[in-house]
Each structure stands twice: as C-alpha cells, then as structure tokens.
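An overview of the molecular structure
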Amino acid sequence: MTMQPFAPLGRIVDSRPRKCGHSPGDNPGTDCPAEATWHIMWNTDREVGLACDPHMDIARRYVFLDSHRIGPDCDMPGTLWDFDEKRCVYPDEPAVETAAAEQPTTA
Ligand SMILES: [Zn+2]
Ligand SMILES: [Zn+2]
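Figured I'd write up the structure that's included with this text. (Residues numbered from 1 in each chain as written. Chains lettered and ligands numbered in written order. Predicted model: local features only at pLDDT ≥ 70, side-chain atom pairs only at ≥ 80, totals over all residues.)

Topic: the overall build of the chain
Which entries qualify depends on this criterion: For helices the rule is a DSSP run of H or I covering at least 4 residues; for strands it is a run of E covering at least 2, with both sets numbered from the N terminus onward. Residues with at least 20 other C-beta atoms within 10 Å of their own are called buried, those with 12 or fewer are called exposed, and the rest are partly exposed. The C-beta atoms themselves are positioned from the backbone. Throughout, a pair of residues is in contact if the C-beta atoms placed from their backbones lie within 7 Å.
When its secondary structure is counted, the chain shows one helix and five strands. Reading the chain from its N terminus to its C terminus gives the helix and strand order β-β-α-β-β-β. When burial is assessed residue by residue, the chain has 17% of its 107 residues classed as buried. Within the chain, residue pairs in contact and separated by at least 24 positions form 35% of the contacts whose partners lie at least 6 positions apart.

See the structure below:
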C-alpha cells in the first residue's frame, strides 16, 4: 500500500471564504463569522457587500440597488453583476449586457 501524496480534493475553486461583511463599528472583533449567503450592490458606484441570512434582514432596512443569493462566481475577480439574471457572471459568457449599473426596473 503506497501513500498518496495528495488527497483527492476535486476541482480547485476559489477557496477564499466569502464571509458576511457585517461588522458593527468596523471593528475586527465584532466581525460576523458566518458565511455569506447574499450578495448586495449598495449603490451605482458598484460598491458591493456580502451578508449572511440574518444580516441580509438588517441590510434590507437600508436602500440598496440590487441583491442576489451568493453563487459560484460571486465575489470573484472579473465578474460582472447581472441585474436581470440576479447573479454574477464572467464577462466572456454570452448575453451579458448588464454590466452598466443602471437603475433596475421597478415593478
Ligand atoms: Zn452576518
Ligand atoms: Zn454576486
């Protein structure tokens, strides 16, 4: 029986933790330890944030442009926010015409 040097970890994906960005008082000691489940775009300057479920409830008290459930491409470098599909996508995918931070159509 030979030792395998590497465990079969499967496909390598971006393993950076996508942590909830809630931090009362911007103090590292109060950072929310939860994994983010929501992606929030706060304003037309494309400032985005990450939130867990309870903190998304708090975020909903404030005005923001758009939000969607965290997907595989969220918070990855180079992705674009797709307002129509409610997700983040790489710009080389077809049918991405929503890169401009326009006002979302209000129902
Ligand atoms: Zn949180
Ligand atoms: Zn996203």
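And the narrative resumes.
Examining unusual backbone geometry
Both trends apply: most residues other than glycine have a negative phi, and most peptide bonds are in trans. For R46, which is not a glycine, the phi torsion comes out positive at approximately 60 degrees. You can see R46 is positioned in the loop between β1 (38-41) and β2 (48-51). Since 13 C-beta atoms lie within 10 Å of it, R46 is described here as partly exposed. Phi is positive for K86, close to 55 degrees, though the residue is something other than glycine. Note that K86 resides in the loop between β4 (80-82) and β5 (87-89). Using a count of 14 C-beta atoms within 10 Å as the deciding quantity, one classes K86 as partly exposed.

Structural notes on the nonpolar core
Under the convention used in this document: One nonpolar core equals one set of buried Ala, Val, Leu, Ile, Met, Phe, Trp, Tyr and Cys residues connected by C-beta atoms within 7 Å.
Of all hydrophobic cores here, the largest spans 14 residues; its most connected members are C20, A36, W38, I40, A51, C52 and M56. Sorting the residues of this core by element identifies β1, β2, α1 (53-59) and β5 as the ones contributing at least two each.

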